[in-house]
Amino acid sequence: AQKVTQAQTEISVVEKEDVTLDCVYETRDTTYYLFWYKQPPSGELVFLIRRNSFDEQNEISGRYSWNFQKSTSSFNFTITASQVVDSAVYFCALSVGASGTYKYIFGTGTRLKVLA
Amino acid sequence: KAGVTQTPRYLIKTRGQQVTLSCSPISGHRSVSWYQQTPGQGLQFLFEYFSETQRNKGNFPGRFSGRQFSNSRSEMNVSTLELGDSALYLCASSKQGGLAYEQYFGPGTRLTVT
């Protein structure tokens, strides 16, 4: 069975601190895709990153970086020098399967509060 | 480029009624997916449509159905509403189908069943 675990329910940090959001996934498939989405208070999910199972390169985009490690089935997300605007719920998601049988599984989300 | 739009934004229905939600994808996107978000169950995948055909389906009862039109707009229908159907229903569009690509979400329709 496929599963995504975001063990951190809520994290509070002070502005300018670095913070890492953990994501652990489970699947027996060799081909799969991992995603991170941000859901600000407005409610609309915003796509942040997509990674396929064959690409373990870490990625950096401004203050955001992602660490994909197949050996530990983890796809962690780090925000450097956090800002108040980063306050949101962050979801990790796993897409696995083939056409007609795809499963799209979200983690339960991590609520990040950045305090000024 | 306009984003994904969903109508209506808020809806109150009575148990036993049916409801239809609408979603207009980003121009050029042919895949539309629907999700249910509740505090208890989180975000759950309902189904995906691509070129007017349902391509993938989550584990929801047959009361939940959908369709997609030739212009890629999609509707989701829930019949015989139950209190547990109260949720935020999110629609997402993607250029390619199959759920392997990034999705762009709309603001959602908040359905309350009384």
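Remarks on the overall build of chain A
- The number of helices and strands found in chain A is 0 helices and 12 strands.
- Secondary structure of chain A in N-to-C order comes out as β-β-β-β-β-β-β-β-β-β-β-β.
- Relative to the compact-globule value of 13 Å for 116 residues, chain A shows a C-alpha radius of gyration of 14 Å, a close match.
- Dimensions of chain A, computed from C-alpha atoms along their principal axes, come out at roughly 45 × 30 × 20 Å.
- Here chain A holds 116 residues, and the buried ones make up 45% of them.

Some words on the nonpolar core
- Ranked by size, the top nonpolar core spans 25 residues in total, and within it Trp36(A), Phe77(A), Tyr90(A) and Leu112(A) carry the most contacts.
- If you list the elements that add at least two residues to this core, you get strand 2 (10–14), strand 3 (19–21), strand 5 (32–39), strand 8 (64–69), strand 9 (74–79), strand 10 (88–96) and strand 12 (110–115) of chain A.
- Looking at this core element by element, the count peaks at 5 residues for strand 10 of chain A.
- Formed by 21 residues, the second largest nonpolar core is a distinct cluster that contains Val4(B), Cys23(B), Leu81(B) and Ala87(B).

Quick notes on the sheet that holds strand 7 (residues 64–68) of chain B
Residue and element names in this part refer to chain B.
- Pairing is antiparallel across the open sheet formed by 4 strands, whose spatial order is 1-3-8-7. Where the open sheet ends on each side, the last strands, each with one partner, are strand 1 (5–7) and strand 7. The average undirected angle you get between the axes of adjacent strands in this sheet is 20°.
- Of the strand pairs in this sheet, strand 7 and strand 8 (residues 74–78) are connected by 5 bridges, and their pairing is antiparallel. What sits directly across from Ser65, in strand 8, is Asn77.

Topic: the interface of chain B and chain A
- At the interface, 20 residues of chain B touch 19 residues of chain A.
- Taken together, both faces of the contact between chain B and chain A bury some 1700 Å²; the carbon and sulfur share is 53%.
- Its largest share of buried area at the contact with chain A, chain B owes to Leu43(B), Ala100(B) and Phe105(B), together 32% of the area lost on that side.
- Between chain B and chain A we count 0 salt bridges in total.
- For the interface between chain B and chain A, the tally reads 4 residue pairs in polar contact (both at pLDDT 80 or more).
- Counting only elements with at least two residues in the side of chain B that touches chain A, the list comes to strand 4 (31–38), strand 5 (42–50), strand 6 (53–57), strand 9 (87–94) and strand 10 (104–105) of chain B.

Concerning the packing of aromatic side chains
- Overall, the coordinates contain 22 aromatic pairs over all chains when judged by the stated rule.
- Where Phe47(A) meets Tyr104(B), the ring centres are 6.2 Å apart and the plane angle is 55°; that geometry is what we call tilted. With one member in each of two chains, Phe47(A) in strand 6 (residues 46–52) and Tyr104(B) in strand 10 form a pair that bridges those chains.
- With relative accessibility at 34%, the residue Tyr104(B) sits in the partly exposed group.
- For the pair Phe106(A) and Tyr35(B), a centre-to-centre distance of 5.6 Å together with 85° between the ring planes defines the contact as edge-to-face. Of this pair, Phe106(A) sits in strand 11 (residues 103–106) while Tyr35(B) sits in strand 4, placing the two residues on different chains.
- Through a chain of ring-to-ring contacts, the aromatic side chains of Phe35(A), Tyr37(A), Phe47(A), Phe91(A), Tyr104(A), Phe106(A), Tyr35(B), Phe45(B), Tyr104(B) and Phe105(B) assemble into a single cluster.

Here's the deal with the side chain of Gln37(B)
- Looking at the element boundaries, Gln37(B) is found in strand 4.
- Side-chain polar atoms of Gln37(B) contact the side chain of Gln39(A), separated by 3.0 Å.
- Contact partners of Gln37(B), with chain neighbours within four places excluded, come to Gln39(A), Phe91(A), Gly42(B), Leu43(B), Ala87(B), Leu88(B) and Leu90(B).

Cut-off values and rules
Residues numbered from 1 in each chain as written. Chains lettered and ligands numbered in written order. Predicted model: local features only at pLDDT ≥ 70, side-chain atom pairs only at ≥ 80, totals over all residues. Heavy atoms only, no water. Helix = DSSP H or I, 4+ residues; strand = E, 2+ residues; numbered from the N terminus. Rg over C-alpha atoms; globule rule 2.2 N^0.38 Å. Buried < 20%, exposed > 50% of the residue type's maximum accessible area, 1.4 Å probe, protein only. Core = buried A, V, L, I, M, F, W, Y, C linked by side-chain atoms within 4.5 Å. Pairing = 2+ DSSP bridges. Axes fitted to C-alpha atoms, helices over the stretch in contact; angles between N-to-C directions. Contact = heavy atoms within 4.5 Å. Buried area = accessible area lost by both parts, 1.4 Å probe. Salt bridge = Lys/Arg side-chain N within 4 Å of Asp/Glu carboxyl O. Polar contact = N/O pair within 3.5 Å; in protein donor to acceptor, adjacent residues only side chain to side chain. Phe/Tyr/Trp six-rings, centres within 6.5 Å; stacked < 30°, edge-to-face > 60°.

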